[in-house]
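# Architecture at a glance
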Amino acid sequence: AETKAAFQSNWQDLIRLLWTPGRQVQLTKRFYDGGVLRTATALSEYAGQMKPTMMGRSAGKCTIDMKLADPNFYDVNPLTTPLPNGTTVVNNPGNNYTYNMTFTLNGARNNLLIENLTTGVQFTYSGQIPSGSVVTLKPMDFSSMEQAGSNPAVDTSVRVLQAGSPFWFNLAPGANNI
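Residues numbered from 1 in each chain as written. Predicted model: local features only at pLDDT ≥ 70, side-chain atom pairs only at ≥ 80, totals over all residues. Heavy atoms only, no water.

This brings us to the pairing of strand β11 (residues 133-138). Of the two faces of β11, the one holding S133, V135 and L137 is buried and the one holding V134, T136 and K138 is not buried anywhere. Where strand β8 (residues 103-106) meets β11, four bridges bridge the pair, whose relative direction is antiparallel. When the sheet's bridge partners are listed, N106 is paired in β11 with V134. Alignment of β11 against strand β12 (residues 143-148), held across six bridges, turns out to be antiparallel. The residue of β12 that forms the bridge with T136 is M145. Where β11 folds back on β12, the antiparallel hairpin that results is connected by four residues, among which F142 adopts a positive phi of roughly 50°. (Buried < 20%, exposed > 50% of the residue type's maximum accessible area, 1.4 Å probe, protein only. Helix = DSSP H or I, 4+ residues; strand = E, 2+ residues; numbered from the N terminus. Pairing = 2+ DSSP bridges.)

So, on to the pattern of salt bridges. Inspection of every chain in the model, using the stated rule, returns two salt bridges. Salt-bridge contacts for R16 lead to D13; the nearest nitrogen and oxygen are separated by 2.4 Å. Here D13 and R16 lie together in helix α1 (residues 4-18), a separation of three residues that amounts to about one turn. You can call R16 exposed: its relative accessible area is 55%. Note that R159 and E146 form a salt bridge whose closest N and O atoms lie 3.0 Å from each other. Here R159, found in the loop between β13 (154-155) and β14 (160-163), pairs with E146, found in strand β12; they are 13 residues apart in sequence, far enough to count as distant. (Salt bridge = Lys/Arg side-chain N within 4 Å of Asp/Glu carboxyl O.)

Let's shift gears to the sheet that holds β8. In spatial order, the strands read β8-β11-β12-β13; together these four strands make up an open sheet with antiparallel pairing. In this open sheet, the two strands that pair with only one neighbour each are β8 and β13.

Unlike most non-glycine residues, N111 shows phi in positive territory, near 45°. With respect to the helices and strands, the residue N111 is situated in strand β9 (residues 109-116).

Glancing now at the nonpolar core. One finds F103, L105, I114, F123, Y125, L137 and F169 to be the most contacted residues of the largest nonpolar core, which totals 17 residues. Mapped onto this core, the elements with two or more residues apiece are β8, β9, β10 (121-129) and β11. In terms of residue count, β10 provides more of this core than any other element does, four residues in total. In contact with Y125, other than residues within four places in its own chain, are L105, N111, L112, V135, L137, S144, E146, T156, R159 and V160. Counting five residues, the second-largest nonpolar core is a separate cluster that includes F7, L18, Y46 and M50. (Core = buried A, V, L, I, M, F, W, Y, C linked by side-chain atoms within 4.5 Å. Contact = heavy atoms within 4.5 Å.)

Here α1 spans 21 Å end to end across 15 residues, near enough to the 21 Å set by a 1.5 Å rise per residue. Taken together, the buried residues of α1 touch β2 (36-46), β3 (53-54), β4 (60-61) and β5 (66-67). (Expected span 1.5 Å × (residues − 1).)

So yeah, pure geometry; function would need other evidence.
Here it is, written out as structure tokens:
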């Protein structure tokens, strides 16, 4: 900032941007993974002081502490992979386990089992998914909704039976045999 007044104005704008009691802000991280630029996001909230160290009359620097309720960053472009009968390799390009995924299960199926042979985690959608019905299952949210045709979706979370983990499903970093 060229003047002390401009510095103060910019400083107040920064405080208003980060000081969000009871509200989280989205952090975005961009990085290269195997030569591919990826973008991931996480929610955070202000957790520490922003007292500036002045560098003259019109400049300052500070350290800002942010707290993440969930320490993982999630890819903004989710991976879509079909799971035909048999084993399919699904790659998790991150460096940590992920639970952030959505399964779209189409009828007609009965007692559908999906297992990650790499992590030993599995879930069964118990009962029948009729032809024309679609189940949207989100392991991270522990939610499962079934929609039959144009009817409203109904909660079917009680039909999901998991084993091998307290979570419904996960992917380890790297290749996973599903």
